[in-house]
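Tertiary structure, described
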Amino acid sequence: MSVEDIVVVAVDGSEASKQAVRWAANTANKRGIPLRLASSYTMPQFLYAEGMVPPQELFDDLQAEALEKIDEARTIAHEMAPDIKIGHTIAEGSPIDMLLEMSKSVTMIVMGSRGLGGLSGMVMGSVSGAVVSHAQCPVVVVREDSSVNEDNKYGPVVVGVDGSEVSQRATEVAFAEASARGAELIAVHTWMDMQVQASLAGLAAAQQQWDEVEREQTELLIERIKPLAEQYPDVPVKKVITRDRPVRALAETSEGAQLLVVGSHGRGGFKGMLLGSTSRALLQSAPCPMMVVRPA
């Protein structure tokens, strides 16, 4: 299936969804590509007796309600980027099914972190877990308090680099995002080597071993990003190597950032990032929208 260069944003009428629409419109505008608003509806069981076929009027009402949310989102998007092209999709059924199907053929999916109705409980719930874990394109989660403002509109793109294959893909996506936005890229590499820590005989030896590990980690980071830095000479790059936990390092570095990019199945600090405590912590503590990139 061919991939269409388009940004899709999930629409449910909530404040978080509206923030996601603003972020997605700004992103589509910077990339010079269209935006698609996506909403879904389901027939509530309590509206009709078991075994009965719901009357067409109920479907019409649900479709009309979804279309109202789409129209409101379109207005918000045009306020953010008056000239972007906007289309929409309204589907009956699960928002998970709709978004996963769309993920096969679009550039990225953007979701609000606290929705109503079909997208309710997005950060910790089944919708986000399913879409972030199984989407075939990058997924951006925009929290309700992650507004696009003058402080972060031109901020950097931050990426977590851990040496794994999926981290390399996340870094490629982050460079492309930084280039499209005319933004600085900050590459963050964290390390916590327990074997070194356990084998230390004294403070001087400890510092010497830590320094050696840090040199090795610095060389790893430089090696990983060098080809991409050459591919994107327009992107200024800042390297952050720190002996810290990835959640804290990435959250602190992404203060004032436009976007934080992480791979979904990394090594070391990012291992099991989607389903474990690291991902939940980052999705809730990252001070900016967060993009999750899965293996190709």
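Structure first, text after, so check above.
Residues numbered from 1 in each chain as written. Predicted model: local features only at pLDDT ≥ 70, side-chain atom pairs only at ≥ 80, totals over all residues. Heavy atoms only, no water.

**Overview of the overall build of the protein**
- Along the backbone of the protein there are nine helices and ten strands.
- Burial statistics for the protein: of 296 residues in total, 49% are counted as buried.
- If you take every contact in the protein between residues at least 6 apart in sequence, the share linking residues at least 24 apart comes to 78%.
- Carbon and sulfur atoms make up 49% of the accessible area of the protein, which totals about 14100 Å². (Helix = DSSP H or I, 4+ residues; strand = E, 2+ residues; numbered from the N terminus. Buried < 20%, exposed > 50% of the residue type's maximum accessible area, 1.4 Å probe, protein only. Contact = heavy atoms within 4.5 Å. Areas by Shrake-Rupley, 256 points an atom, 1.4 Å probe, with all protein chains shown as cover.)

**A short note on the pattern of salt bridges**
- Using the criterion set out here, one finds ten salt bridges in the structure.
- Ionic pairing is found between Glu 65 and Lys 69, a salt bridge with its closest N-O pair at 3.9 Å. Here Glu 65 and its partner Lys 69 are both found in helix H2 (residues 56-80), four residues apart, which amounts to about one turn of the helix.
- A relative accessible area of 41% places Glu 65 in the partly exposed class.
- Taking the relative accessible area as the measure of exposure, Lys 69 reaches 27% and is therefore partly exposed. (Salt bridge = Lys/Arg side-chain N within 4 Å of Asp/Glu carboxyl O.)

**Section: the nonpolar core**
- Val 9, Leu 35, Val 110 and Val 261 are the most contacted members of the largest nonpolar core, which totals 43 residues.
- Broken down by element, the residue count for this core peaks at six residues, all from helix H1 (residues 15-31).
- The residues contacting Val 110, other than those within four sequence positions of it, are Val 7, Val 8, Val 9, Ala 10, Ala 20, Trp 23, Ala 24, Val 140 and Val 142.
- Listed in part, the 34 residues of the second largest apolar core include Val 132, Ala 249, Val 262 and Leu 283. (Core = buried A, V, L, I, M, F, W, Y, C linked by side-chain atoms within 4.5 Å.)

**Some thoughts on the pairing of strand S10 (residues 290-293)**
- Neither face of S10 is exposed, since Met 290 and Val 292 on one face and Met 291 and Val 293 on the opposite face are all buried.
- Taken together, the three bridges between strand S5 (residues 139-142) and S10 define a ladder with antiparallel strand orientation. Bridged to Val 139 within S10 is Val 292.
- Taken together, the four bridges between strand S9 (residues 259-263) and S10 define a ladder with parallel strand orientation. Following the sheet pairing, Leu 260 is matched in S10 by Met 290. (Pairing = 2+ DSSP bridges.)

**Quick look at the sheet that holds strand S4 (residues 106-112)**
- Strand order across the open sheet formed by ten strands is S3-S2-S1-S4-S5-S10-S9-S6-S7-S8, with mixed pairing between neighbours. The sheet terminates laterally at strand S3 (86-92) and strand S8 (237-242), the two strands that pair on one side only. Each strand of the sheet is rotated relative to its neighbour by a mean of 20°, with strand direction disregarded.
- Relative to strand S2 (residues 35-41), strand S1 (residues 4-10) runs parallel, the two sharing four bridges. Bridged to Val 8 within S2 is Arg 36. (Axes fitted to C-alpha atoms, helices over the stretch in contact; angles between N-to-C directions.)

**Side note on the packing of aromatic side chains**
- Evaluated as defined, the whole model comprises one aromatic pair.
- Aromatic pair Phe 175 and Tyr 232: ring centres 5.9 Å apart, planes at 25°, arrangement stacked. Of this pair, Phe 175 sits in helix H5 (residues 165-181) while Tyr 232 sits in the loop between helix H7 (203-231) and S8, and the two are 57 residues apart along the sequence. Across the pair, Tyr 232 and Phe 175 agree in class, each one buried. (Phe/Tyr/Trp six-rings, centres within 6.5 Å; stacked < 30°, edge-to-face > 60°.)

**Notes on helix H3 (residues 95-102)**
- Restricting attention to buried positions, one finds in H3 the residues Pro 95, Ile 96, Met 98, Leu 99 and Met 102. When H3 is viewed along its axis, its buried side chains cluster within an angular range of 165° and face the same direction.
- You can read the cap of H3 off the contacts: a side-chain oxygen lies 3.0 Å from the backbone nitrogen of Ile 96, and it is on Ser 94. (Arc of directions from axis to C-beta. Polar contact = N/O pair within 3.5 Å; in protein donor to acceptor, adjacent residues only side chain to side chain.)

**A look at H1**
- Here H1 spans 24 Å end to end across 17 residues, near enough to the 24 Å set by a 1.5 Å rise per residue.
- Of all 17 residues making up H1, twelve are buried, and the element is well covered by its neighbours.
- Those residues of H1 not exposed but buried are Ala 16, Ser 17, Lys 18, Gln 19, Ala 20, Val 21, Trp 23, Ala 24, Ala 25, Asn 26, Thr 27 and Ala 28. (Expected span 1.5 Å × (residues − 1).)

**Side note on the packing of H1 against H2**
- Orientation of H1 relative to H2, taken along the N-to-C sense of each, is 45°, at an axis distance of 8 Å. As far as their axial angle goes, H2 and H1 are oblique. You can see that H1 and H2 cross each other, and the crossing is right-handed. Here Lys 18, Val 21, Arg 22, Ala 25 and Asn 26 of H1 come into contact with H2, specifically with Glu 72, Ala 73, Ile 76, Ala 77 and Met 80. (Parallel < 35°, antiparallel > 145°, perpendicular 65-115°, else oblique. Left-handed = near helix turned anticlockwise from the far one by under 90°.)

**Notes on the packing of H1 against H5**
- Running from N to C, H1 and H5 point in directions that differ by 80°, and their axes come no closer than 8 Å. One finds that H1 runs roughly perpendicular with respect to H5. Residues Trp 23, Thr 27, Lys 30 and Arg 31 of H1 lie in contact with H5, whose contacting residues are Glu 177, Ala 180 and Arg 181.
- When grouped by side-chain class, the residues that make up the contact of H1 with H5 number two nonpolar, one polar and four charged. (Nonpolar A, V, L, I, M, F, W, Y, C, P; charged D, E, K, R; others polar.)

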